[in-house]
Amino acid sequence: MDERKRKRMLSNRESARRSRMRKQKQLEDLTEEVKRLEASNKQLIEAIKMKEESYAEIESSNGVIRAQITELGDRLKFLNSILEIAEVVSGGELSVDLPEILDPLMKPWQIPYPFQPIMASADMFLH
């Protein structure tokens, strides 16, 4: 009986030791995974921050371009009114050949210069 009890006790100790080792290994694996995920999270946060900064710059540039479009439209209206006045004053005899100005904003699906290639690079969206 004592021999059986002693063997069982040794077996239980060995089983408990293996269990502790398994738990220690699981803890180490989880700790490494936490470190890896934290590093990945940090990289993602940095990438998001860079994209937000890039977006803000582009949005600012778009605002400037919108203002320029408005200003140029106002100038064009003003110049057209001057031409109308000059035509009225000259009795309709004003013969000025004006080239047609293509407005790509009015028809965005049409390329204004079909023979000019559109250049793009793979990294143009990364900045």
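Up top is the structure these notes are about.
First, a word on scope: everything that follows refers to the structure included in this document. Counting starts from 1 at the beginning of each chain's written sequence and moves along it residue by residue. A pLDDT threshold of at least 70 governs which residues receive local features in this predicted model, and a stricter bar of 80 or more applies before side-chain atom pairs are shown or counted, although totals over entire chains, interfaces and linings include all residues. For the side-chain quantities, the full set of heavy atoms in the structure was used; hydrogens and water were omitted.

Right, let's talk about the overall build of the protein for a bit. Helix numbering and strand numbering both begin at the N terminus, where a helix is a DSSP run of H or I of at least 4 residues and a strand a DSSP run of E of at least 2. For the protein, the helix and strand inventory stands at 1 helix and 0 strands. Each residue gets one of three labels from its accessible area relative to the maximum for its type: buried under 20%, exposed over 50%, partly exposed in between, using a 1.4 Å probe on protein chains only. When the 127 residues of the protein are sorted by exposure, 1% land in the buried category.

So, on to a negative patch on the surface. Together, Glu46, Glu52, Glu53 and Glu57 line one region of the surface with negative charge. Checked against the element boundaries, Glu53 lands in helix α1 (residues 2-89). Patch members must show over 30% relative accessible area and no salt bridge, and they are joined within 9 Å when carrying like charges or within 5 Å when they are nonpolar side chains of Val, Leu, Ile, Met, Phe, Trp or Tyr. Accessible areas in this description were obtained via Shrake-Rupley with a 1.4 Å probe; residue shielding takes into account the shown protein chains only. When a carboxyl oxygen of Asp or Glu is within 4 Å of a side-chain nitrogen of Lys or Arg, the pair counts as a salt bridge. A positive count includes Lys and Arg, and a negative count includes Asp and Glu. His and the chain ends are not counted in either. Every charge is mapped onto a representative atom, which is NZ of Lys, CZ of Arg, CG of Asp or CD of Glu.

Another aspect to go through is a nonpolar patch on the surface. A cluster of nonpolar side chains, namely Phe78, Leu79 and Ile82, defines an oily patch on the protein surface of about 300 Å² accessible area. Among the structural elements, Leu79 can be located in helix α1. Since its relative accessible area comes to 48%, Leu79 is described here as partly exposed.

Now for the pattern of salt bridges. One pass over the full model with this rule turns up 7 salt bridges. Here Glu33 and Arg36 are joined by a salt bridge, their closest N and O atoms 3.9 Å apart. A residue pair is termed a helical-turn pair when its members lie 3 or 4 positions apart in one helix, as Glu33 and Arg36 do in helix α1 at 3 residues. Glu71 is the partner of Arg75 in a salt bridge, and the nearest nitrogen-oxygen pair spans 2.8 Å. Here Glu71 and Arg75 lie together in helix α1, a separation of 4 residues that amounts to about one turn. Of the residues examined, Arg75 reaches a relative accessible area of 47% and is grouped as partly exposed. Salt bridges linked by common partners bring Glu14, Arg17 and Arg18 together as one network.

What follows deals with α1. For a helix, the expected span equals 1.5 Å multiplied by the number of residues minus one. The end-to-end C-alpha separation of α1 is 128 Å, in line with the 130 Å expected for 88 residues at 1.5 Å each. Residue Gly91 follows α1 closely and has a positive phi angle near 80°.

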